[in-house]
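The lines below spell out each chain.
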Amino acid sequence: MNLKANLLDDKAIKRSLIRISHEIIERNKGVEDIVLVGIKRRGYPLAQRIAVEINNIEGINVPVGSVDITFYRDDLTLTGESPKVKNIDLGVNIHNKKVVLVDDVLYTCRTVRAAIDAVIDTGRPQGIQLAVLIDRGHKELPIRADYVGKNIPTSKNEKIAVSIKEIDNEDSVKIYED
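Residues numbered from 1 in each chain as written. Predicted model: local features only at pLDDT ≥ 70, side-chain atom pairs only at ≥ 80, totals over all residues. Heavy atoms only, no water.

The end-to-end C-alpha distance of helix α3 (residues 110–122), which contains 13 residues, comes to 19 Å, matching closely the 18 Å that a straight helix rising 1.5 Å per residue would cover. For α3, the full list of buried residues reads T111, V112, A114, A115, A118 and V119. Within α3, the buried residues cover an arc of 160 degrees as seen down the axis, which keeps them to one side. (Helix = DSSP H or I, 4+ residues; strand = E, 2+ residues; numbered from the N terminus. Expected span 1.5 Å × (residues − 1). Buried < 20%, exposed > 50% of the residue type's maximum accessible area, 1.4 Å probe, protein only. Arc of directions from axis to C-beta.)

Here it is in structure tokens:
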């Protein structure tokens, strides 16, 4: 794969997460009953960063949990027909809470669907919202993000690579093509 472009650097990612944090606060008229649940792997550290930004804005610590889902990527061999939930202990109580799922890239929506199933299997939330750093299109399910860092229309032969410091030692979003 050849690097086509550097789409976001560390400062652009930080600005996107700050904006998403403000939008979550505004839409929910504060952060009462908000719980952030990051979809592992990169969604969890992004959820933690959003919680820090919300604390900087509101002075309130928002609980952060995670959901571990094995999901399909188009660059890997498919191992089944749908993502499989590996661990449904979210680490937070979601009963009657407003759950904001957080992920790095929204693509086919199958990962998000599996995460929604996992959340519902662990309790009855008041509602579920979705925050993503990148929405690249090509949805296969009728799911849309409530909060988007950046919309990046792509072709199916392109790959979006999100790197974050906690996992990859840098913050960046790059696009590659065949």
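For the rest of this paragraph, the subject is the nonpolar core. In this structure, L36 and I134 are the most contacted members of the largest nonpolar core, which totals 29 residues. Counting residues per element, the ones that place at least two in this core are α1 (10–27), β2 (34–40), α2 (43–58), β5 (98–106), β6 (127–135), β8 (158–163) and β9 (172–177). No other element matches the 6 residues that α1 contributes to this core. Once residues lying within four places of it in the same chain are set aside, the contact partners of L36 are I24, A47, I50, A51, V62, P63, V64, G65, V100 and V102. Core analysis: the second largest hydrophobic core is formed by 22 residues, V37, V92, A115 and V119 among them. (Core = buried A, V, L, I, M, F, W, Y, C linked by side-chain atoms within 4.5 Å. Contact = heavy atoms within 4.5 Å.)

Looking at the protein, the pLDDT average stands at 90 and 89% of residues meet or exceed 70. Note on residues 71–77: pLDDT under 50 across the span, and 13 contacts to partners over four residues away in sequence or across chains. (pLDDT = per-residue confidence, 0-100.)

If you trace the 3 strands from one edge of the open sheet to the other, you get β1-β9-β8, paired in antiparallel fashion. Every interior strand has two partners, whereas the edge strands, β1 (2–8) and β8, have only one. Between one strand and the next, the sheet's axes are offset by a mean angle of 25 degrees, whatever the strand orientation. Across 5 bridges, the pairing between β1 and β9 is antiparallel. Counterpart to L8 in the pairing with β9 is V173. (Pairing = 2+ DSSP bridges. Axes fitted to C-alpha atoms, helices over the stretch in contact; angles between N-to-C directions.)

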